[in-house]
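Report on the structure
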Amino acid sequence: MIRFDHASKRYPPGMNALADVSFEVDAGELVTVGGHSGAGKSTLLKLIAAIERPTGGAVLVHGQNVGSLKRSAIPYLRRNLGVVFQDQKLLFDRNAFENVMLPLTISGFPPVEARRRVQAALDKVGLLERQKAMPIMLSGGEQQRLAIARAVVGRPNLLLADEPTAHLDADTATDVARIFRDFQAVGVTVLIATYDNSLFPTARRLVLDHGRLQ
Ligand code: ADP
């Protein structure tokens, strides 16, 4: 499903964020990416989502070399991809339902089917009753769950998350971790950057140290 083949990423002016990274993730696996702050975890996820391109080696997703994808092919890659990134902000002038609806509206989904999918996604993360709430009225954990609902509303087979439990208290973090495991249980491949080992005790763990896989 995902293959890094001696992948490197050097940001200008010469900072090596990832160096000679090789690994594979099979379909249906839940894998965590650990390592210190600045180890390259976000960069690794960004290469998979074609937000950044490798400067050496190759990154393959579904057998496709995403580093050399034409710009016009990127929306097709993203269609099968859900991302929960730290800097991916909710729209605070739209309610919970509208936040989750947005990606489907953008991709031109038929409205009746779209509404059904939004409600299914909100239900999966336990927010169906809160669909009319504005994000500001939601707790930190609920906002994170809303971001997950938005990431999965297109029913991706690959879900990427960058520190999804940062800034959450222990109980809320456990709750959010369970949601990711639920998606894995229904066949979604899940890759999570997290410094917190304890939340995914059974997951395979990749660890980065200054851009190198341990
Ligand atoms: P992590 O997610 O593990 O904290 P990152 O992938 O965000 O690590 O960063 C890895 C290294 O690359 C860090 O030294 C960071 O400062 C650097 N870096 C990340 N993004 C950029 C960028 N857009 N431009 C320059 N350097 C970057």
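Residues numbered from 1 in each chain as written. Predicted model: local features only at pLDDT ≥ 70, side-chain atom pairs only at ≥ 80, totals over all residues. Heavy atoms only, no water.

Once that is clear, we can look at the nonpolar core. If you look at the biggest cluster of nonpolar residues, it comprises 38 residues, and the most contacted ones within it are Ile 148, Leu 159 and Phe 180. When contributions to this core are tallied by element, the ones reaching two or more residues are α3 (96-106), α4 (111-124), α5 (140-152), β7 (158-162), α6 (170-185) and β8 (189-193). Each of domain 1 (1-80 + 156-214) and domain 2 (92-155) accounts for three or more of the residues forming this core. Formed by 31 residues, the second largest nonpolar core is a distinct cluster that contains Leu 18, Leu 45, Leu 47 and Leu 208. (Core = buried A, V, L, I, M, F, W, Y, C linked by side-chain atoms within 4.5 Å. Buried < 20%, exposed > 50% of the residue type's maximum accessible area, 1.4 Å probe, protein only. Helix = DSSP H or I, 4+ residues; strand = E, 2+ residues; numbered from the N terminus. Domains from an automatic or database assignment.)

Right, let's get into the domain arrangement of the protein chain. Buried accessible area, meaning the area lost when the parts come together, often serves as the stated size of an interface. Its domain assignment divides the protein chain into domain 1 (1-80 + 156-214) and domain 2 (92-155). Listed per partner, the contact involves 12 residues of domain 1 and 11 residues of domain 2. Buried area between domain 1 and domain 2, summed over both chains or domains, comes out near 940 Å², and the portion from carbon and sulfur atoms is 76%. Considering only the surface of domain 1 that becomes buried against domain 2, Pro 156, Ile 179 and Phe 183 emerge as the three largest contributors, covering 50% of it. Taken together, domain 1 and domain 2 are joined by 1 salt bridge. When the shortest N-O distance is used, the salt bridge between Arg 145 and Asp 175 registers 3.7 Å. Linking domain 1 to domain 2 there are 1 residue pair in polar contact (both at pLDDT 80 or more). No other element matches α6, which puts 6 residues into the side of domain 1 that touches domain 2. Of the residues in the side of domain 1 that touches domain 2, the class split is 8 nonpolar, 2 polar and 2 charged. (Contact = heavy atoms within 4.5 Å. Buried area = accessible area lost by both parts, 1.4 Å probe. Salt bridge = Lys/Arg side-chain N within 4 Å of Asp/Glu carboxyl O. Polar contact = N/O pair within 3.5 Å; in protein donor to acceptor, adjacent residues only side chain to side chain. Nonpolar A, V, L, I, M, F, W, Y, C, P; charged D, E, K, R; others polar.)

Turning our eyes to something else, we now look at the layout of surface pockets. Here the largest pocket defines a volume of roughly 740 Å³. As for the largest pocket, its lining consists of 25 residues, and the residues nearest its centre are Arg 78, Arg 79, Leu 81, Pro 103 and Arg 150. Only α2 (74-79), β6 (81-84), α3 and α5 provide two or more residues apiece to the lining of the largest pocket. (1 Å grid on protein atoms, 1.4 Å probe; cavity = no way out; pocket = protein on both sides within 12 Å on 5 of 7 lines; lining within 4 Å. Points joined across faces, edges and corners; volume = space filled by probe spheres on them.)

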